[in-house]
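Coordinates in review
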Amino acid sequence: MAIRLYDTLSRTKKQLDPVDPARVAMYVCGPTVYGRAHIGNARPAVVFDTLRRLLRHDYGAEHVVYARNITDIDDKIIARAAAEDVPIETITRRYEGFYLADMGALGVEAPDLAPHATTSVPEMVAMIGTLVAKGHAYAAQGHVLFDVPAFAGYGALSRRPLDEMIAGARVEVAPYKRSPADFVLWKPSSGDQPGWDSPWGRGRPGWHIECSAMIAQSLGRTIDIHGGGLDLQFPHHENELAQSTCAHDGAPLANIWMHNGFLGMGDGGKMSKSLGNVVTVEDLLAQGWHGEVLRLALLSAHYRQPLEWTETLLEQSKAKIEKWRRLLGPFPSGQRPAPHPDVVAALADDLNTPAMLAALSAIESDAESLLGSLAFLGLPGFQRADTMAPGAAWRLGTSVVADDGHIDAQVAAQVAARTAARAARNFAESDRIRDELAAAGIILEDGAGGTTWRRG
Ligand code: AMP
Ligand code: ZN
């Protein structure tokens, strides 16, 4: 089946033509872990989880590799750790665990790869060294900067002319920059800040180089799809593109660049922590909205369009889920019919979720197709929590998880959070997660190859 996706770089819909169809590679910029995710942050997580389900359906699950990083070095993390007087790992492990649990509640499955910035610093230092050696970066006063005017392709992704960017540089230009548009690859750390040794002194990487290095390390030079929210288009993705292209002798970083539009609070603006207009996933679950209602609401608008988050949207999504539950009744769990071809075809046309929802409405009388399509979309909707066997449902906050696939995603997220806690030697937290899962009838087994789980 042909999958067509809108590519921000060429501003056209392109047919997905994987470099290697046996290994379709997708990378999505993940969270900076210093606070709870708001529902706007959940939009890319759900959108690209949906795309991943489509890719797995089309190419086979074993032929898709999806990487979503964790940014666990950042000045906001350092500030939060200082405010609580704890090591940065305490902050990053805590909020990574919350992130995985919150996204799990929305049916977002754990990615295949979750590279962490802190464990990829040698790759970042190596890439910065390559950029310096090739004349694309320069060291100055303990910093290393990317030489923007030396890369002719700069601005192609965001379609911003370089002279406009320079004229528009609002921040006071640092004295060590040759051009106001140059951006930081490496910066010095003071004694109390986290830092790594490098040829330019003890310091830490800039945000943009993190992703370039982690993409090359985890997926290779040229990936098939690179995704994130619209705010990442400039400067983050523009800078990633510049760094990777220059370090890799002109090899493109991604064949398709995808950006989701903003979620806002009904005023046409963007939900953002700095604006203070946020509602967290945790809040919404605590208010009693089930994860699948939130997921459906997030998929209600086309991903490139703005999405206004309103009470009406939530009520409409809830009504739809309840209707499907009524139509399907308590289906035996484990049964997984195929999704309806119209549902799959709608997604294959640049993730056209409004068309996908119309297709779902059209097949409501066909219980099997409806069931298969909902499961494919990560929307359970077919088994009422009150008809489930004891132990099959478990609670995260107030969200009752009601279907097998949905529980799998949650368990995977909890297992990942526990692994992170164990790596940090936070055994109180890892024991707490194990106990919570045990109470839900999930037994964990630690082995040489990692942790596996089964239903008790
Ligand atoms: P951050 O942790 O701030 O880097 O954000 C994580 C992801 O959420 C990025 O892909 C952002 O582009 C995306 N994002 C942040 N705010 C919104 C919003 N209001 N609507 C949609 N996506 C957003
Ligand atoms: Zn990134």
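Everything that follows concerns the structure shown earlier in this document.
Residues numbered from 1 in each chain as written. Chains lettered and ligands numbered in written order. Predicted model: local features only at pLDDT ≥ 70, side-chain atom pairs only at ≥ 80, totals over all residues. Heavy atoms only, no water.

**Focus on the site of ligand 1**
Every one of the 16 residues lining ligand 1 counts as a neighbour, but Gly-40, Gly-229, Asp-231, Leu-263 and Met-271 are closest to it. At 2.4 Å, a side-chain N or O of Asp-231 approaches an oxygen atom of ligand 1. Its free accessible area being 490 Å², ligand 1 has 86% of it covered by the protein chains. Per element, the largest residue contribution to the shell around ligand 1 is three residues, and it comes from helix α1 (residues 39–59). When its residues are assigned to classes, the shell around ligand 1 shows six nonpolar, eight polar and two charged. (Near = heavy atom within 4 Å. Polar contact = N/O pair within 3.5 Å; in protein donor to acceptor, adjacent residues only side chain to side chain. Areas by Shrake-Rupley, 256 points an atom, 1.4 Å probe, with all protein chains shown as cover. Helix = DSSP H or I, 4+ residues; strand = E, 2+ residues; numbered from the N terminus. Nonpolar A, V, L, I, M, F, W, Y, C, P; charged D, E, K, R; others polar.)

**A closer look at the nonpolar core**
Ile-39, Leu-51, Leu-55, Trp-309 and Leu-360 are the most contacted members of the largest nonpolar core, which has 67 residues in total. Tallying contributions element by element places α1 first for this core, with 10 residues. Those residues in contact with Leu-360 that sit more than four places away from it in its chain are Trp-324, Val-343, Leu-370, Ser-373, Leu-374 and Leu-377. Val-144, Trp-200, Ala-213 and Leu-232 belong to the second-largest nonpolar core, a separate cluster that totals 41 residues. (Core = buried A, V, L, I, M, F, W, Y, C linked by side-chain atoms within 4.5 Å. Buried < 20%, exposed > 50% of the residue type's maximum accessible area, 1.4 Å probe, protein only. Contact = heavy atoms within 4.5 Å.)

**Let's talk about the coordination of the zinc ion (ligand 2)**
When a metal carries six donors in an octahedron, the ideal angles between them are 90 or 180 degrees, while four donors in a tetrahedron ideally lie at 109.5 degrees. Of the protein atoms, only Cys-29 (SG), Cys-211 (SG), His-236 (NE2) and Glu-240 (OE) coordinate the zinc ion (ligand 2), at distances of 2.1 to 2.2 Å. Classification of the site at the zinc ion (ligand 2) as irregular follows from its four donor atoms and the range of 77 to 128° in their angles at the metal. On the primary sequence, the residues serving as donors to the zinc ion (ligand 2) are separated as C-x181-C-x24-H-x3-E. Pair noted here: Cys-211 is in helix α6 (residues 207–218) and Glu-240 is in helix α7 (residues 233–247), with a separation of 29 residues, a long-range link. Across the pair, exposure class does not vary: Cys-211 and Glu-240 are buried alike. (Donors = N, O, S within 2.8 Å, 3.2 Å for Na, K, Ca; no water. Tetrahedral: all angles 85-135°; square planar, octahedral: opposite > 155°, others 65-115°.)

**Let's talk about the pairing of strand β10 (residues 254–260)**
A regular strand places its side chains so that they alternate between the two faces of the sheet. The element β10 is largely enclosed, with a buried count of six among its seven residues. Relative to β10, strand β9 (residues 223–229) runs parallel, the two sharing six bridges. Bridge pairing in β10 places His-226 opposite Trp-257. In this fold, β9 hands off to α7, which returns the chain to β10; that crossover is right-handed. (Pairing = 2+ DSSP bridges. Right-handed = clockwise from strand over helix to strand, strands pointing away.)

**Comments concerning the environment of Glu-109**
Within the fold, Glu-109 resides in the loop between α3 (88–105) and α4 (121–133). Take Glu-109: its relative accessible area is 23%, and that puts it in the partly exposed class. Residues Glu-109 and Asp-49, 60 residues apart in the sequence, show an inter-C-alpha distance of 6.9 Å.

**Comments concerning the sheet that holds strand β6 (residues 143–146)**
Strand order across the open sheet formed by four strands is β5-β6-β7-β8, with antiparallel pairing between neighbours. Across the chains shown, the open sheet's two edge strands, defined by having one partner strand only, are β5 (137–140) and β8 (203–205). Each adjacent strand pair in this sheet contributes to an overall mean axis angle of 20°, direction not counted. Bridging between β5 and β6 involves four bridges; their strand directions are antiparallel. Note that in β6 the partner of Ala-137 across the bridge is Phe-146. (Axes fitted to C-alpha atoms, helices over the stretch in contact; angles between N-to-C directions.)

**Things to note about helix α2 (residues 75–84)**
Looking only at α2, the buried set comprises Ile-77, Ile-78 and Ala-81. In an axial view of α2, the angular spread of the buried residues amounts to 100°, which keeps them on one side of the axis. Facing away from the buried side of α2 by over 90 degrees, the exposed positions are Ala-82 and Ala-83. By the N-cap criterion, in which a side-chain oxygen at the helix start approaches the backbone nitrogen of a residue two or three places on, α2 is capped by Asp-74, the distance to Lys-76 being 2.7 Å. Directly beyond the C-terminal end of α2, a positive phi value near 60° is found at Asp-85. (Arc of directions from axis to C-beta.)

**Structural notes on the side chain of Asp-182**
Considering the arrangement of structural elements, one finds Asp-182 in the loop between α5 (162–167) and β7 (183–188). In this structure, Asp-182 is buried with no salt-bridge partner, the nearest side chain bearing the opposite charge being Arg-178 at 6.1 Å. Aside from chain neighbours lying at most four places away, what touches Asp-182 is Tyr-138, Leu-145, Phe-146, Asp-147, Val-148, Pro-149 and Lys-177. (Lys, Arg positive; Asp, Glu negative; His and termini not counted. Salt bridge = Lys/Arg side-chain N within 4 Å of Asp/Glu carboxyl O.)

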